[in-house]
Protein chains: 2
Amino acid sequence: MRAHSQQVSSPLSGEELRRLDAHWRAANYLSVGQIYLMSNPLLTEPLRAEHVKPRLLGHWGTSPGLNLVYTHLNRLIRSRGLQALCIWGPGHGGPAVVANSWLEGSYTETYPDITRDAAGMARLFRQFSFPGGVPSHVAPETPGSIHEGGELGYALSHAYGAAFDNPGLLVTCVIGDGEAETGPLAASWHSNKFLDPVRDGAVLPILHLNGYKIANPTVLSRLPESELDELLKGYGHEPIHVTGDEPAAVHRAMAQAMDTTADRIAAVQRAAREEGEMERPRWPLIVLRTPKGWTGPAEVDGLSVEGTWRAHQVPLSAVRDNPDHLRQLEEWLLSYRPQELFDEHGAPRPDVLTCVPDDARRLGSTPHANGGLLVRELPLPPLERFAVPVDKPGANLHEPTRVLGDLLEYVMRETAGRRDFRVVGPDETASNRLQAVYAASGKAWQARTLEVDEHLDRHGRVMEILSEHTCQGWLEGYLLTGRHGLFSCYEAFVHIVDSMVNQHIKWLRVTRRLPWRAPIASLNYLLTSHVWRQDHNGFSHQDPGFVDHILNKSPEAVRVYLPPDANTLLSVADHALRSRDYVNVIVAGKQPCFDWLTMEEARVHCARGAGIWDWAGTEDGTREPDAVLACAGDVPTQEVLAAAQLLRHHLPELAVRVVNVVDIARLLPSEEHPHGMSDFEYNGLFTPDKPVVFAYHGYPWLIHRLAYRRTGHQHLHVRGYKEMGTTTTPFDMVVRNDLDRYRLVMDVIDRVPGLAVRAAAVRQGMEDARLRHHAYIREHGVDLPEVADWTWDG
Amino acid sequence: MRAHSQQVSSPLSGEELRRLDAHWRAANYLSVGQIYLMSNPLLTEPLRAEHVKPRLLGHWGTSPGLNLVYTHLNRLIRSRGLQALCIWGPGHGGPAVVANSWLEGSYTETYPDITRDAAGMARLFRQFSFPGGVPSHVAPETPGSIHEGGELGYALSHAYGAAFDNPGLLVTCVIGDGEAETGPLAASWHSNKFLDPVRDGAVLPILHLNGYKIANPTVLSRLPESELDELLKGYGHEPIHVTGDEPAAVHRAMAQAMDTTADRIAAVQRAAREEGEMERPRWPLIVLRTPKGWTGPAEVDGLSVEGTWRAHQVPLSAVRDNPDHLRQLEEWLLSYRPQELFDEHGAPRPDVLTCVPDDARRLGSTPHANGGLLVRELPLPPLERFAVPVDKPGANLHEPTRVLGDLLEYVMRETAGRRDFRVVGPDETASNRLQAVYAASGKAWQARTLEVDEHLDRHGRVMEILSEHTCQGWLEGYLLTGRHGLFSCYEAFVHIVDSMVNQHIKWLRVTRRLPWRAPIASLNYLLTSHVWRQDHNGFSHQDPGFVDHILNKSPEAVRVYLPPDANTLLSVADHALRSRDYVNVIVAGKQPCFDWLTMEEARVHCARGAGIWDWAGTEDGTREPDAVLACAGDVPTQEVLAAAQLLRHHLPELAVRVVNVVDIARLLPSEEHPHGMSDFEYNGLFTPDKPVVFAYHGYPWLIHRLAYRRTGHQHLHVRGYKEMGTTTTPFDMVVRNDLDRYRLVMDVIDRVPGLAVRAAAVRQGMEDARLRHHAYIREHGVDLPEVADWTWDG
């Protein structure tokens, strides 16, 4: 393989080339050192087995390519005074990014014990992939990173999220050819149809084809170049190729390619910003082809390594036991000529650092990679302005998400100048009844428009693409660079991003322990179009399990809210939008729902997270209730209130307490979650020994998993969704899942000691009502009038 | 918009065109009827409000396009005698596919009460999206479908899965332009690099651009045609365009396009099969652009509907209340001229049916869409052939997945002729140590190869692409068409397909209740590279929560196994590969693991699912034990046995029982899961009142969620993974999560009444050992010798 690029001339002088190469070699040396060495970091003595780590864990393959990109980005930033951020998609190359940030000084400023000298270098090497040290990937611990390099697929959507509303920023994004095979990455190429050349920054994808994954060639690397070009042009890019394995030639070609892309980006932005150009541009993209494990051992034990999948992890695996491997490692390290790169104290020599930008322009020091430094308070209104009036509970109906839409419109409008708030959703903003926001901002759209289109806007901050992955990635990138947002999603399909949100929560878990990482705005989900109201989509659209998934994760970073009406939704959303470093999951309906609480009551109730609704029960305050009806979620709350009403009418002597839970983690013991209740509080709400019939929005066993340690757990009976989903009416859904008012009344009757006999006729009435329902719906296809027209008469 | 296609001549005679159009109009009529009508199906009397459903639920927008495709596929199948299957990606168009299968007779053969006459038509209409009826999507209930139309993104990978090893089959796949924005779909375009023109069938994608999603234009529909062509060519296809809104012209162009693609596919296959052509072909693809809601109301209430997003669901929404809407609906229905299409009894007239193929070639009757009709028993070996020898427990170590790899090689070899078994994985087959299979079959690969490549094979049946979505979709399509397979995946990253497996389980839940759907082979997951052994990847690669996700789903369709060693893995895998209609999740390690059970013991133990390992405990059989040490998973089993050994040495008088659980659903009550234990059985294993210290592979609360109803639940203490993940040694991982042997011993001591005082010194010894561990690992980066070299001495 010889180096070539589409550009012929080179902008590099011989001296500049020599210095760039020195930087690259230094980064390569430091990468290998991290993977292998425990001591003797500068090879001041002959390499011996005991200098080598006992467990060799790391990924060499992608590192030299990342080092090349970092080196040339440095040059570009410095030569043009750019503000840049880089997303390192092939995050297995953790040692590369760490090496570069140590070279430029960012690492030592972040971790003062890792000094820029021999002692610091020894600590840098030792900590890598070592117990108690730093991960082998680009990670939260890595200065300059907003992107964990563990799971693949999210680099490009993170890059676009970072670029939105950052008009002065260049976001480069290295995409490994393994990552390029994933679905989320494949979808995110079309993000350029949503990037506004006027108000957003630029994204420069660098597709780094080194040809192999762990054990296989990659699809894109084996396409004929013409076919790959068609693909990349079809994605809306103008590809520029840099291919080679001869360092000097690759340096020249890479410097040329970086200059060309920077020129083109500047031209695109100037045309849009100054000349009013409205056509969607073709953004440049670099295809960088260098060998996997470039500059590493060409052969080990008679097998090709450099340029093959065998270079993926640790090319020489038996260094401590095999003298030949030890010798090869020493030769490999010395091939970078460390004595030219580091002085006798281990500090990088000046030549190595000539390409490094100053201060906050260094990739490891940009505040854009530590978004908490930039985040501002959102302008949130007094909630009373949007609250629905509630003279008495249950007198009126509102669509909660529509009410929230008005609040979001306010925030969208108030942030029109600062542009640090976006709403994302997979083509569902209007379906989820948040369309009020369009009055303040249209939907981002750079592709063609037609006369009939509505609310499309080149400068819009509502983001809609039919890819939950892309929505999630955009929002993560946006939040991680110091802005705010909300993701509204059909409840069932948010599982599509289960694995992505895992990684984001892990990120938050780790950054919360890093004092230098400032808190960022929370990732807020509004899950709606939920399991109980999929009247026309049915079973395929029914799954309330995202809450279960979230509650498995680190408790310090996750919050789950199930507001039962419009005002509680406002209160919860307000709290979520003000919060930091959480993933907030809000489950709320878009269908008309009774208003239960005034704004003031809602605020108090949500602050407590769970409470007794005394107006709904029949306690007289002189003794413990006979039974507790508990609920979480809008539909369960309505059924519980209807059950309470039936009990009040039919069994007026029964003392029933109604408890509503908004913040589901309140049910956990206080040791298990920061919002968990003490046993004293729990017993105060639910009693230690009375029957509790709990109507829950999702899978019933979640409530048991949260409450199993409580004294009264054996008296807790939970109803919820048990996979009895289908296309049907709202009330039929609750009947099929035994969450309906009639069943809840029967559950109470069956559990209060002595009541089953005394209330046998009432119980039979409930059975009859269910039979009536079944017959009516089969005939008419709609719910019983007594259910459809039900109102609260308390 | 005028019709055009790249082809000029038309293969259609005027008569044939008239008949095709009649079929299309009939399908359109029946689609509208399903969405709107309760009665008066043939409009034999003027349409009145009471003929219309009270709840209008369905999706018209995509239906006329699907009807066009079905009509022209009929023609193609009939004219060329093809075997074809169609994947209907825009599955919201359920009424379209149902309409066509009723027309061709498949529907009535499947559901005899839905006769092909006026009474049957009335039932067909009424049942659609009606409580107790059929879903509004293409669904398991739809004859001819293997693809649920709820969640989007999986159409094309399902199509490829169906085509693999079906050389005589044409799999057409309609991809909506909304679906095309999703990640899984975007990734699956590259499936053509894995399609063998010799041994596999053909896939014909039909990209149906109607321009809009629910509420937004779609990205692909708004690309300039030249840019879209670049994209599709970059995906490896040769696009053929059919564009129009004038029916006759579109019929002509579509017929021409279908003929052209069929010719090209035949030519490709002939070249590969008969002429030895080795180059990857460019497969044809049709881009079909027709208006959304084509032939529906052009305007409603003064707003454009046909050709816009407003046609997505129900174009006329107030038919029962608004006489103008009612009139428009009647005009719309009559515009299809139903009296020309159906005779006075409501049966389709012969002209309508001339394009319909015969018998099993009808799309609604092909056995490929009811794979259980085709599935054969897998040739599985006697397990003894692959079992590892076990003279005494814990004497030897094996890598369980490597042992399984040998069994898979056998199956791969034995199916070399019949080709109905594939192994899929995201670039992890070798990493997961299953590489023995390569001896029987290489990895499917149609792209370029290099000298250095290993195990790539044009005809291979091991499938590796770095996309869990594509792997899952391929395997689902393969299983649904009557074949077998196994998906090996890193445990943490299988969450990527959480939402896909949801839909597959829902599919199985429904098909199990449909007598005409024959059982298919189970979807088998091998989850390895698990949470406890991510030594060099750390936190980002650690998540054992897929089991929790799976156990939320319909119990009749899900099974979860945690074999503790190599022989139990063989037994479990054998069972899974023989089973039908399940999703089997097997969690097993790839690292060296002690062999505990002989093959015979393993078989018995796995059949029971959970059992006492009496050789590991210190019970004497005369009384209940003092404590139970329970375990599930390979690493927890090792720690429990080490704890049992410590207890035996230090507290020999203590009667400890060791229980191992392989089949985790055994812990559920028998009413909750078919594998659940009775309380009698449970108490026999775990005792009703003794302390149980349970070491579990995953999140500890899962065990509580399964066992909370048991008498002895308050004595159950579970240790497991609690998000304390990082890059570290194996033993440090268990220490960080309090799952280590020393902690388990302390847990027993703390819970056996009276023991805390008596065994204070032993307990202190355990604390000391943990401190020793912390110091040692900080210093050396490896585990204490006493742990690293531990062996079972029982």
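Computed from a prediction, not measured in an experiment: that's the story for all the values here.

Parameters and conventions
- Residues numbered from 1 in each chain as written.
- Chains lettered and ligands numbered in written order.
- Predicted model: local features only at pLDDT ≥ 70, side-chain atom pairs only at ≥ 80, totals over all residues.
- Helix = DSSP H or I, 4+ residues; strand = E, 2+ residues; numbered from the N terminus.
- Buried ≥ 20, exposed ≤ 12 C-beta atoms within 10 Å, placed from the backbone.
- Contact = placed C-beta atoms within 7 Å.
- Axes fitted to C-alpha atoms, helices over the stretch in contact; angles between N-to-C directions.
- Parallel < 35°, antiparallel > 145°, perpendicular 65-115°, else oblique.
- Left-handed = near helix turned anticlockwise from the far one by under 90°.
- Nonpolar A, V, L, I, M, F, W, Y, C, P; charged D, E, K, R; others polar.
- Least-squares fit on C-alpha atoms with pLDDT ≥ 70 in both.
- Pairing = 2+ DSSP bridges.
- pLDDT = per-residue confidence, 0-100.
- Domains from an automatic or database assignment.
- Right-handed = clockwise from strand over helix to strand, strands pointing away.

What follows concerns the environment of A:Ala447. Of note, A:Ala447 is situated in the loop between strand S11 (443-444) and strand S12 (456-457). Note on A:Ala447: 20 C-beta atoms within 10 Å, which makes it buried. Separated by 41 residues in the primary sequence, A:Ala447 and A:Ser488 place their C-alpha atoms 23 Å from one another. Those residues in contact with A:Ala447 that lie beyond four places of it in its chain are A:Lys193, A:Arg280, B:Val219, B:Arg222 and B:Leu223.

The subject of this paragraph is the packing of helix H2 (residues 63-80) of chain A against helix H9 (residues 247-274) of chain A. Residues and elements named next belong to chain A. Running from N to C, H2 and H9 cross one another at 50 degrees; their axes reach a closest spacing of 10 Å. Relative to H9, H2 is oriented oblique. As for the relative orientation of H2 and H9, their crossing is right-handed in sense. Judged by residue contacts, Leu68, His72, Arg75, Leu76 and Arg80 of H2 engage Val250, Met254, Ala255, Met258 and Ala262 from H9. Looking at the contact of H2 with H9 residue by residue, the class counts come to seven nonpolar, one polar and two charged.

A separate point is the relation of the copies chain A and chain B. Rotating chain A by 180 degrees and translating it 0.0 Å along the rotation axis places it on chain B, where the RMSD comes to 0.0 Å. Such values leave the two copies arranged in the relation of a two-fold axis. Relative to the rotation axis, the closest C-alpha in chain A is found at A:Gly183, a distance of 2.0 Å. When the interface residues of chain A are mapped onto chain B, 100% of them again fall at the interface, so both copies present the same face.

Residue and element names in this part refer to chain A. The mixed open sheet is built from five strands, whose spatial order is S19-S21-S20-S22-S23. The open sheet is flanked by strand S19 (610-612) and strand S23 (716-719), the only strands paired with a single partner. Geometrically, the sheet is characterised by an average inter-axis angle of 20 degrees between neighbouring strands, direction not taken into account. In terms of strand pairing, S19 meets strand S21 (residues 656-661) through three bridges, oriented antiparallel. Note that in S21 the partner of Ala610 across the bridge is Val661. Helix H21 (residues 700-707) rests against strand S22 (692-696) and S23 of the sheet, and its axis sits at about 150 degrees to S23. Strand contacts of helix H23 (residues 741-751): strand S20 (627-632), S22 and S23, with the helix running at about 160 degrees to S22, the strand carrying the most contacts.

Here chain A averages 96 in pLDDT, while 99% of its residues score no lower than 70. Overall fold confidence (pTM) sits at 0.97, and the ipTM for the predicted complex is 0.97.

To continue, consider the domain arrangement of chain A. Residues and elements named next belong to chain A. Partitioning chain A into domains gives domain 1 (4-368), domain 2 (383-593) and domain 3 (609-788). Each side of the interface is counted separately: domain 1 has 30 residues, and domain 2 has 33 residues. Of all the secondary structure elements, the ones that give two or more residues to the side of domain 1 that touches domain 2 are helix H6 (155-163) and helix H7 (183-188). In terms of residues, the side of domain 1 that touches domain 2 owes the most to one element, H6, which gives six residues. A per-class count over the side of domain 1 that touches domain 2 returns twelve nonpolar, ten polar and eight charged.

Once that is clear, we can look at unusual backbone geometry. The backbone of A:Asp427 shows a phi angle near 65 degrees, a positive value even though the residue is not glycine. Tracing the sequence through the fold places A:Asp427 in the loop between strand S10 (421-425) and S11. A positive phi angle, near 60 degrees, is found at B:Asp165, a position not held by glycine. As for its position among the elements, B:Asp165 is in the loop between helix H6 (155-163) and strand S3 (169-176). With 22 C-beta atoms packed within 10 Å, B:Asp165 lands in the buried category.

For a regular strand, the rule is simple: side chains alternate between the two faces of the sheet. All names here are of chain A. Burial analysis of strand S14 (residues 484-490) places seven of its seven residues in the buried class, which makes it a mostly covered element. Judged by which residues are buried, S14 turns out to be covered on both faces: His484, Leu486, Ser488 and Tyr490 on one side and Gly485, Phe487 and Cys489 on the other are all buried. Relative to S14, S10 runs parallel, the two sharing four bridges. Directly across from Arg422, in S14, lies its bridge partner Gly485. Pairing of S14 with strand S15 (residues 523-528) involves five bridges; the strand directions are parallel. From the neighbouring strand, Leu486 faces S15, where its bridge partner is Asn524. Once the chain exits S14 it traverses helix H15 (residues 498-511) before rejoining the sheet at S15, and the crossover so formed is right-handed.

As a further point, take the sheet that holds strand S19 (residues 610-612) of chain B. Residue and element names in this part refer to chain B. Judged by pairing direction, the sheet is mixed, and its five strands sit side by side in the order S19-S21-S20-S22-S23 without closing on themselves. Lying at the two open borders of the sheet, with one neighbouring strand each, are S19 and strand S23 (716-719). Within this sheet the neighbouring strands show an average axis-to-axis angle of 20 degrees, counted without direction. Here five bridges tie strand S20 (residues 627-632) to strand S21 (residues 656-661), and the two strands are oriented parallel to one another. Looking at the pairing, Cys631 lines up with Asn660 of S21. Where helix H21 (residues 700-707) meets the sheet, it contacts strand S22 (692-696) and S23, and its direction lies at approximately 150 degrees from that of S23. Contacts from helix H23 (residues 741-751) reach S20, S22 and S23, with the element oriented near 160 degrees to S22.

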